[in-house]
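A closer look at the structure
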Amino acid sequence: MNHHRIAQTPPMGWNSWDCYGAAVREEEIRANADYMARYLKPHGWEYIVVDIQWSEPGAVSSAYRPFVPLETDEYSRLIPAANRFPSSAGGKGFKPLADYVHGLGLKFGIHIMRGIPRQAVHANTPILGSDEGARDIAHPNSICPWNTDMYGLDPAKAGAQAYYDSLFQLYAEWEVDFVKVDDIAASRLYGIHAEEIAMIRRAIDRCGREMVLSLSPGPAPLEYADHFAGNANMWRMTDDFWDLWPLLYNMFERCEQWAPHVREGCWPDCDMLPLGHLGIRSVDGGGADRWTRFTKDEQLTMMSLWAIFRSPLMMGGEMRDNDEWTLGLLTNDEVLELHRHSRGARQVSREQDRIVWSAADEHGNAYAALFNATDEPALVTASFGQLGIDGPRRVRDLWARQDEDVAHEAISFTIPAHGAKLVRLSRL
């Protein structure tokens with residue numbers, strides 16, 4: 001199975017982490033799926049993703065509680081906590097919730113940590129399809145520095161591949177469409193876990209169901225770009241991205257480095273969009289219950305960079321609380337057309353934090369994203385020579401959805417501090 005056949009355009013969806021941390025509940029997943037189906041699905045949004053700790057009955061916030069009991073089945077595999085996901089009771093797993101999401105015409109995803117639950121290793125519970133037990137295949141020194149749930153797997157043990165095969169067989173039975181695997185693309189202790197990435201790729205290929213594979217966290221090492229592309233559909237270029245200007249400012253350099261590796265089925269990932277109502281159950285560095293700390297100009301900068309770079313788009317806020325502005329950012333079809341169908345994105349200039357990106361599409365249109373990353377209003381200019389086009393060109397402001405004056409040799413705009421201008425340049 002060629003995994004590049006799926007996710008031909010960058011995945012677009014919602015993930016529960018930014019608003020509910022480790023403690024999202026089934027009713028919140030269903031309600032956000034209802035919202036997406038009504039308001040976002042017509043614009044191409046489709047994935048609903050349950051983030052971390054769905055197997056922990058006692059999770060109440062964004063905090064990770066060390067060494068707490070998790071729900072598992074008889075084959076050492078985590079299953080949803082029935083008190084938080086009532087439809088999973090009786091061994092049904094996520095299948096009923098996936099059915100609900102699919103019934104809305106959407107796709108269903110989950111977050112997992114690499115490896116095997118420590119509690120399964122300590123109890124040496126069985127591995128489906130192997131004579132080895134959980135203790136035999138675990139690598140007890142391969143741990144996550146920020147979450148105590150799992151041990152990594154020892155790739156030299158035959159049962160390790162059997163375990164990953166059994167995991168994705170279970171996810172196929174649940175009809176999962178998207179799997180985000182954490183503590184694998186980069187680790188504060190060990191770097192990339194390349195062998196486990198390859199084992200997961202084999203397990204997905206064997207399970208009989210197409211699934212988007214997303215790798216976290218970042219920053220993913222650039223020197224492993226071919227390994228990521230050879231195994232996954234998307235991978236994080238950054239650590240957790242929050243609504244803070246310094247993090248957004250730093251993303252320009254990351255996007256410039258990763259732009260040559262963007263192609264169909266393989267998407268370097270700028271992480272979630274911290275828009276709208278965030279941190280509802282937050283108790284850590286992500287920030288308290290709040291509306292996004294990004295100004296409107298910073299939100300336009302983030303959306304413009306993610307769109308022209310063609311990052312996956314994963315909304316992080318509680319969508320039911322979206323105001324008209326936030327919904328408008330997510331449903332601008334002219335911007336989303338650029339995101340889905342442009343190509344060749346690159347940074348063409350950066351002078352005193354006046355930054356210009358360009359891209360093109362198959363219809364002969366050019367696109368330019370002009371950013372003012374300074375702390376004061378500034379004039380940002382791009383010549384047609386820099387953009388690789390000739391004139392004259394009709395200029396269309398994609399966020400304002402209005403035409404500007406015809407340009408002949410260059411475009412130039414005064415842009416607010418931390419702001420952006422995103423335009424399409426079409427032939428007359």
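Residues numbered from 1 in each chain as written. Predicted model: local features only at pLDDT ≥ 70, side-chain atom pairs only at ≥ 80, totals over all residues. Heavy atoms only, no water.

1. Regarding the overall build of the protein chain
Stated precisely, the cut-off is as follows: In this description a helix means any DSSP run of H or I spanning at least four residues, a strand means any run of E spanning at least two, and both kinds are numbered starting from the N terminus. The atom set for the radius of gyration is the C-alpha atoms, and the globule formula is 2.2 Å times the number of residues raised to the power 0.38. Burial here depends on accessible area, computed with a 1.4 Å probe over protein chains only, as a share of the maximum for the residue type. Under 20% is buried, over 50% is exposed, and the range in between is partly exposed. By definition, residues are in contact when any of their heavy atoms lie within 4.5 Å. The Shrake-Rupley method, run with a 1.4 Å probe sphere, supplies the accessible areas, and residue values consider only the shown protein chains as cover. Counted as positive: Lys and Arg. Counted as negative: Asp and Glu, with His and the chain ends omitted from the count. One atom stands in for each charge, and that atom is NZ of Lys, CZ of Arg, CG of Asp or CD of Glu.
Within the protein chain, the secondary structure is distributed over 13 helices and 21 strands. Taking 428 residues into account, the globule formula puts the C-alpha radius of gyration at 22 Å, and the protein chain, at 22 Å, falls close to it. Expressed along its principal axes, the backbone C-alpha trace of the protein chain runs to roughly 70 × 40 × 35 Å. For the protein chain, with 428 residues in total, the buried portion stands at 60%. Partitioning the contacts of the protein chain with sequence separation of at least 6, the portion at a separation of at least 24 is 73%. For the protein chain, the exposed surface amounts to about 16100 Å²; the carbon and sulfur share of it is 48%. Charge-centre separation for the protein chain: the mean point of 42 positive side chains lies 2 Å from the mean point of 60 negative side chains.

2. Concerning the UniProt feature "domain: Alpha galactosidase C-terminal" (unreviewed entry) in the protein chain
In plain terms, the rule: UniProt positions are given in the numbering used here, feature names are shortened, and annotations may be inferred rather than shown by experiment.
Per the UniProt record, "domain: Alpha galactosidase C-terminal" (unreviewed entry) is found at residues 352-425. A distance of 25 Å separates the end C-alpha atoms of residues 352-425, which is 5% helix and 54% strand.

3. A word on the pattern of salt bridges
It is possible for side chains of opposite charge to pair when their charged atoms get near one another. Inclusion rule: Put simply, a salt bridge is a Lys or Arg side-chain nitrogen that is within 4 Å of an Asp or Glu carboxyl oxygen.
Tallying each qualifying case throughout the model produces 30 salt bridges. Of the charged contacts in the structure, one is a salt bridge between Arg424 and Glu334, with a shortest N-O distance of 3.7 Å. You can see Arg424 sitting in strand S21 (residues 419-427) and its partner Glu334 sitting in helix H12 (residues 333-341), a full 90 residues away along the chain. Residue Arg424 is classed as partly exposed on the basis of its relative accessible area, which comes to 21%.

4. Quick word on the sheet that holds strand S5 (residues 138-144)
The condition is simple: At least two DSSP bridges between two strands are required for those strands to pair.
Spatial ordering of the open sheet is given by S4-S6-S5, a layout of three strands whose pairing is antiparallel. Lying at the two open borders of the sheet, with one neighbouring strand each, are strand S4 (116-117) and S5. Of the pairings in the sheet, the one linking S5 to strand S6 (residues 147-153) comprises four bridges and is antiparallel in character. Residue pairing for S6: Cys144 is matched across the bridge by Asn147.

5. Remarks on the layout of surface pockets
Under the convention used in this document: Site definitions follow a grid-based scheme: protein atoms alone, a 1 Å grid, a 1.4 Å probe that fits but cannot get out for cavities, and for pockets an open set with protein on both sides within 12 Å along at least five of seven lines, plus lining residues having an atom within 4 Å of a point. Grid points are joined across faces, edges and corners, and a volume is the space filled by probe spheres set on the points. Each residue is assigned to one class: nonpolar for Ala, Val, Leu, Ile, Met, Phe, Trp, Tyr, Cys and Pro, charged for Asp, Glu, Lys and Arg, and polar for all the others, Gly among them.
Of the voids in this model, the second largest pocket is the one considered here, and its volume is about 220 Å³. In terms of lining residues, the second largest pocket is bounded by 15 residues, among which Ala7, Glu46, Tyr47, Lys107 and Val212 are the most central. Among the residues making up the lining of the second largest pocket, the classes are represented as seven nonpolar, three polar and five charged.

6. Remarks on the domain arrangement of the protein chain
Applicable threshold: Where each domain starts and ends comes from a domain assignment, either automatic or drawn from a database. The term buried area refers to how much accessible surface (probe radius 1.4 Å) is lost by two components on association, counted for both of them together.
One can read the domain layout of the protein chain as domain 1 (3-341) and domain 2 (345-427). Using C-alpha coordinates to define each centre, domain 1 is positioned 33 Å away from domain 2. Across the boundary between the two partners, domain 1 contributes 25 residues, which contact 26 residues of domain 2. Around 2300 Å² of area is buried between domain 1 and domain 2 when both sides are counted, 62% of it from carbon and sulfur atoms. It is Phe252, Ile308 and Glu334 in domain 1 that bury the most area against domain 2; as a group they hold 29% of the surface buried on that side. Here domain 1 and domain 2 share two salt bridges between them. For the side of domain 1 that touches domain 2, the secondary structure elements donating two or more residues are helix H9 (245-258), helix H10 (296-309), helix H11 (324-330) and H12. Considering each element in turn, the side of domain 1 that touches domain 2 owes the most residues, nine residues, to H10.

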